[in-house]
Amino acid sequence: MSSKDHHEVEVKRKRSLKKESSPTRGAGDVKRSKSSTNDVKLFYAEEEEVEHRDPKKDLSLFKSTTDDVRKCFKDIRDSKDKPDKSTNDHIETKKRETALHFVLLKKLNRLSHIRCKKSRDATNEAKQRIDQYHLQLQNLLYETMHLEKEITKCLEFNMLSYDEWSKDEEIELVSVEEFYEEAPSDISKPETTKEDQHQLRLARLDWELEQRKMLAQKLKESETSKDQLDKEIKTQQEYLENLQPKLTSILQSTKPVQEYLGMPFDQIREQHQIAGHLPHPLYVLYMQTDAYRQACDKKLEVKIEGDIEAAKSMKSTPELFADKRRRKTIDSGKVERKKKVLKKHPLSVVLKIKTKDGTCLQLNFYYLVTLEIVTVVMQLKSGSESPSSCISWGDLLSPDLLLNEIYPGDNGNSSPNAANQYELRRLGLGEFNQYIKETGKPYLWAQWLSGLQFLNNNKSSKVADSSVSSENMQQTIKRLRRRIKSRLSLLKQLASLERGIIPLAPEAMSLFPTKIVAKLASWKRSTYEDFCVLPYTEELISNGLAKESDIFFTATMDRGSAKMTAQIVMTPDYPAVAPLFLVSLQWQTERSALNDINIQEMEEEVNVHYKEMIIHKSHDQILANQLQRLLMCFDVYLETETQNAEEGPKEISKEKVYARFARGPNRTKPYKFCAEVGIFSHR
Amino acid sequence: MDRDLAARRQLHTTIFDHCYSPCGKYIAAANNYGQIAVFSLSAALAPEASETTWKPIFIFEASEDGAIFTLASTDTLLISGGNGPIKAWKWADILSKVNHLTKMVAMAKNRTQGGPFSQPEINSIVLNTEEDKSEVFAACGDNNIYVWDLESGQQKITLSGHDNYVHSLAVKNGNTCASASEDGTVKIWDTRSPSDAVHSIEPYKNELCARPKFGKWLGCVAMDTTDDWLVCGGGPSLSLWHLRSLTATTMFDTPGACQQCVMFHDDSIISAGSKGYINHWSVNGEQRMEVPCTPSSVFSLSYNSASNNCKVLSATGNSSKLDIFTNFGYKAFSFIFTQV
């Protein structure tokens, strides 16, 4: 409501009061006194009236009434502003009207108050009811919670009590059916127990007890019988032990007979007994070589050498030994550490390979306990037919060169067990090849013969496998024999070459003309370093045809003022692989394959076509034959080269018959000798 | 051992000759063991080419008698000569990797003059396809030059007159043939009157180019197709001769090296020999370039003009490598004649 309206209402009230106060006071008083007795009744009547009336209608009535009041006031004012005769009457009537309206308004006001009160009471009542319900709900909730708690408590109690109070349930009992079948009726008492579970249980427990008692008794009986048997065995064993010395004494007495008959049973037995103390790889080696010896190669000799006692003690306390070693390595010095790591097993296997001419190759196989590899130390005892001393002698038969590359690439300089590298590095000992002098060389074939197989990718089987050994045995022994044989024959050839004679076999004579003017002037050992320095060797090295492990020689040949130097590369596998020749020629100018294609062809003659010089499939003579061929080619080269030059005195005379001097675009020389007709022609 | 032998054989490989396929995308090379290898030039020149393309795509045993000295190629055939008979294969067969001999022309053995045990070798084969002919000229070890008809296999003409074996041939205008021989002469022949040589040039007697210390033999000859120029070399220095006047006009000096192959290319002359260089000359004797190559003795030079994409110069000699020059100034890469 705006302030102006409010103001108006105030004015109305004042006026209405004024109006009431003067003329109607008396009447009002009377009315009040009259109705004072009926006040209460009236009050309640009005209250009841409220029930029947529609509040909305009351509202519209109130609005219309106030409008009427307003209209009356307006009329009054209008008439006051324009006074005329009837003004006063009019005002009066209007006043009365207004007063009546006020009565009505008052009534309405009361009614509204009653209504307000009534609704408030109703609200209060409803609220109280809700509160009551809420309280009731709370009580119920609390009750359920309490009950739940009680339930869990009960459940927990049940579980706890099971462990503490029902121990008998753990006892495994025979099933009920079995119980009735087996138990005597005085225990089972079927008449009572059939119904009562508790009685049944008790009865079953009784039966269990009874049975257990019976079993315990049985056990006692068995133990006594066992003791008896033990005693018996002891007495018998004592008897057997008494027998042993008797037997040995009998054996001892048979020894002279054995010796007399040449049957070394005893010796073999002794060796076999020692073999039992060998480390497993060496045992495999011994066993397999011995088997091979008996089956295929009587000229082999296998023995076991070394300190048996040390081996025995080592075998009995291997764990302790290993432990001690490990602990010591930490604080002991390098020398001691090295000693420990490179420790050989006290026993070794000795293999002797004998050849027809009495040369004997002795191989000592050692087992390195920590590194788990087998190493070889070699000795060669030359036979009666061996060549007299020459410069290359000791060198070529040294273990380094003799056993080098028995199998391709196997030079025995690094450990085949890749794990060793890490072990040595861990102990700060560096590479294995520093210690080869002390340990011997761990050739791959030695590992194979011992049944050890280390693969390149470090997948190793450290358990010695005898099948590996037997697979490689025959081939390795053959290769060793062939190596000795070929090396000895090579040495003979070398000894002869050092004296300037090419040792041609009689059957090889037909390959060459009877007269060769050029001569072998010198024959020397050379080295890889010297070889590498030469300008014309580069391609050979880059092609992998000359390696550091090869053996190098230098031969010089001459005829007149011409001098030819041949560099010879011999693989350790000679004569399986023919030696390779590189030639340079000094005659007026320096010539080699680099600047003279005819020299290159001369090399081709010996390097590529060497198969023509193999007689009866024997490779042994190949070096001598190649050298002789080279000498022949040298002659051909000089004689045909002289023909080329036009005039002047000829230093080299033509000694041979040639079909043609040159042929083909490369003007190749007639290096090929036709033995049947004794002339030289082209390839 | 066999692997070792293969390595040795490779080390001693000499590729005596090579030639291009008619399409210009392949090279055939023949070596001293009688093998022919085929390489794919187009694959090796491709931008994504790797070293694997340097290996032969096909190798076959072409001769049981040893070295092959010369190769020639027609539109359909690859022809080889050396020790033993002349043989021909179809390019189509070779490229589908089939060793199927198409033709073989045996040399008549009774013509040999070189000696009882020496089969006459064929040192050079030149094809003459002008005037609708298809003739094979072969320079032989028995001092003669033979001409066969390729279609019929009939021997047509024999040109004899040299005192030693014939190294090299050049044919021009269908009738003129020049031959360089070990006897030191270049003879000019007219195939219409084959009984005698038309001219004979003796460089070893010429002051300009004679080099007595290397001998008188001539290893190579080439003729200019348009003008009357001839170039030859060997023991004597490489020299340019005017055919009409038969005078030596220019000498190409290669100290210490004997030229074994020569060719005209555009306005220049390319030659190579017993040193590992390829020489590019202008006609007036000035050396334009000296390009190092793998073999120390070069036997064959060839320029591929058949394929636009593969215009290269190639050289072979006493090495298992076949050098390819995409630019004349330096070696681009080498095919490798591998031994298996």
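Everything numeric in this text was worked out from a predicted model, so none of it was measured.

Visitor: Please clarify how the overall build of chain B should be interpreted in this entry.
Guide: Looking only at helices and strands, chain B has three helices and 28 strands in total. Residues classed as buried in chain B amount to 53% of the 340 residues present. Taking as baseline every contact in chain B between residues at least 6 positions apart, the subset at least 24 positions apart corresponds to 46%.

Visitor: Is there a simple way to think about the overall build of chain A in this case?
Guide: Counting secondary structure elements, chain A contains 24 helices and 13 strands. Going through the 683 residues of chain A one by one, you find that 27% of them count as buried. A fraction of 63% describes how many contacts in chain A between residues 6 or more apart in sequence connect residues 24 or more apart.

Visitor: Is there a simple way to think about helix 11 (residues 280–295) of chain A in this case?
Guide: Two residues of an α-helix separated by three or four positions point the same way, owing to the 3.6 residues in each turn. With 16 residues, helix 11 of chain A extends 22 Å from end C-alpha to end C-alpha; this agrees with the ideal 22 Å at 1.5 Å per step. Looking at helix 11 of chain A, one finds that the buried residues are P281, L282, Y283, V284, L285, Y286, Q288 and T289 of chain A.

Visitor: What am I meant to see in the sheet that holds strand 15 (residues 186–190) of chain B here?
Guide: Where strands meet in a sheet, backbone hydrogen bonds hold them as pairs that are either parallel or antiparallel. Residues and elements named next belong to chain B. With antiparallel pairing, the four strands of this open sheet are ordered in space as 13-14-15-16. Looking at which strands have only one partner, the edges of the open sheet turn out to be strand 13 (166–172) and strand 16 (199–201). Between one strand axis and the next, the sheet turns through 20° on average, direction left out of account. Bridging between strand 13 and strand 14 (residues 176–181) involves six bridges; their strand directions are antiparallel. Its bridge partner being in strand 14, L169 is matched across the sheet by S179.

Visitor: Help me understand the interface of chain A and chain B in this model?
Guide: Size of an interface, as often reported, equals the accessible area lost when the parts are brought together. If you look at the interface, chain A gives 27 residues, while chain B gives 33 residues. Ranked by residues supplied to the side of chain A that touches chain B, first place goes to helix 23 (residues 597–607) of chain A with four residues. Counted by class, the side of chain A that touches chain B contains eleven nonpolar, nine polar and seven charged residues.

Visitor: I tried to follow unusual backbone geometry on my own but got confused; where do I start?
Guide: Phi is mostly negative for residues that are not glycine, and the peptide bonds are mostly trans. All names here are of chain A. Residue Q588 is not a glycine yet carries a positive backbone phi of 65°. Mapping Q588 onto the fold places it in the loop between strand 10 (580–587) and strand 11 (589–592). You can call Q588 exposed: it has 12 C-beta atoms within 10 Å.

Visitor: How do you make sense of the sheet that holds strand 9 (residues 122–128) of chain B when you look at a structure like this?
Guide: All names here are of chain B. Across the sheet, which stays open at both edges, the four strands sit in the order 9-10-11-12 with antiparallel pairing between neighbours. Strands with a single pairing partner mark the edges of an open sheet, and in this sheet they are strand 9 and strand 12 (155–160). The mean angle between the axes of side-by-side strands here comes to 20°, regardless of whether they run parallel or antiparallel. As paired elements, strand 10 (residues 135–140) and strand 11 (residues 144–149) share five bridges and run antiparallel to each other. Residue pairing for strand 11: E135 is matched across the bridge by D149.

Visitor: Would you explain the environment of L150 of chain B in this entry?
Guide: Residues and elements named next belong to chain B. Inspection of the secondary structure assignment puts L150 in the loop between strand 11 and strand 12. With 20 C-beta atoms counted inside 10 Å, the residue L150 sits in the buried group. Sequence-wise, L150 and S134 are 16 residues apart; in three dimensions their C-alpha atoms are separated by 5.6 Å. If we skip the residues at most four places from it in the chain, L150 touches S134, E135 and V136.

Visitor: Where do I start with the nonpolar core in this structure?
Guide: Within soluble globular proteins, side chains that are nonpolar tend to cluster in buried spots. If you look at the biggest cluster of nonpolar residues, it comprises 92 residues, and the most contacted ones within it are A29, F39, F137, A138, I145 and V221 of chain B. Setting aside chain neighbours within four positions, we find A29 of chain B in contact with I15, H18, I36, A37, F39, T316, L322 and F337 of chain B. Ranked by size, the runner-up nonpolar core spans 54 residues in total, among them L490, V569, F581 and L638 of chain A.

Visitor: What's the story with the pairing of strand 4 (residues 373–381) of chain A in this structure? I'm lost.
Guide: All names here are of chain A. In this structure, strand 3 (residues 360–368) lies alongside strand 4, joined through nine bridges in antiparallel fashion. Residue pairing across strands places L363 opposite M378, the latter belonging to strand 4. As consecutive antiparallel partners, strand 3 and strand 4 are separated by four residues, and within that stretch E372 has a phi angle of approximately 60°, a positive value.

Visitor: I would appreciate a short explanation of helix 23 of chain A in the present structure.
Guide: Burial runs high along helix 23 of chain A: eleven of the eleven residues are buried. Within helix 23 of chain A, burial applies to I597, N598, I599, Q600, E601, M602, E603, E604, E605, V606 and N607 of chain A.

Visitor: Where do I start with the confidence of the model for chain B in this structure?
Guide: For residues with low pLDDT, the predicted coordinates do not support detailed interpretation. Residue-level pLDDT values for chain B average 87, and 95% of them are 70 or greater. This stretch, residues 108–116 of chain B, has a pLDDT under 50; its non-local contacts, to residues over four places away or in other chains, come to 15 contacts.

Visitor: What's the story with the pairing of strand 21 (residues 259–265) of chain B in this structure? I'm lost.
Guide: Along a regular strand, successive side chains alternate from one face of the sheet to the other. Residue and element names in this part refer to chain B. Across the seven residues of strand 21, five count as buried, placing the element largely inside the fold. For strand 21 and strand 22 (residues 268–273), the ladder comprises six bridges, and the chain directions are antiparallel. In the sheet register, Q259 faces strand 22, and the bridge partner there is G273. Counted between consecutive antiparallel strands, the loop separating strand 21 from strand 22 contains two residues, among which D266 sits at a positive phi close to 50°.

Visitor: What should I look at first to understand the confidence of the model for chain A in this one?
Guide: All names here are of chain A. Scored by pLDDT, chain A comes out at a mean of 78, with 83% of its residues at no less than 70. The least confident element of chain A is helix 13 (residues 318–331), whose mean pLDDT is 45; the most confident is strand 9 (residues 562–570), at 90. Predicted confidence is poor over residues 1–5, with pLDDT under 50, and the contacts of this stretch with residues over four places away or in other chains come to one contact. Below a pLDDT of 50 lies the segment residues 318–331, which in the model reaches six contacts outside its immediate sequence neighbourhood of four places, other chains included.

Visitor: Honestly, the environment of D75 of chain A in this entry has me stumped. Any pointers?
Guide: Along the chain, D75 of chain A turns up in helix 4 (residues 55–81). Spatially, the C-alpha atom of D75 of chain A lies 7.7 Å from that of K94 of chain A, the residues being 19 residues apart in sequence.

Thresholds, definitions, all that
Residues numbered from 1 in each chain as written. Chains lettered and ligands numbered in written order. Predicted model: local features only at pLDDT ≥ 70, side-chain atom pairs only at ≥ 80, totals over all residues. Helix = DSSP H or I, 4+ residues; strand = E, 2+ residues; numbered from the N terminus. Buried ≥ 20, exposed ≤ 12 C-beta atoms within 10 Å, placed from the backbone. Contact = placed C-beta atoms within 7 Å. Expected span 1.5 Å × (residues − 1). Pairing = 2+ DSSP bridges. Axes fitted to C-alpha atoms, helices over the stretch in contact; angles between N-to-C directions. Nonpolar A, V, L, I, M, F, W, Y, C, P; charged D, E, K, R; others polar. Core = buried A, V, L, I, M, F, W, Y, C linked by C-beta atoms within 7 Å. pLDDT = per-residue confidence, 0-100.

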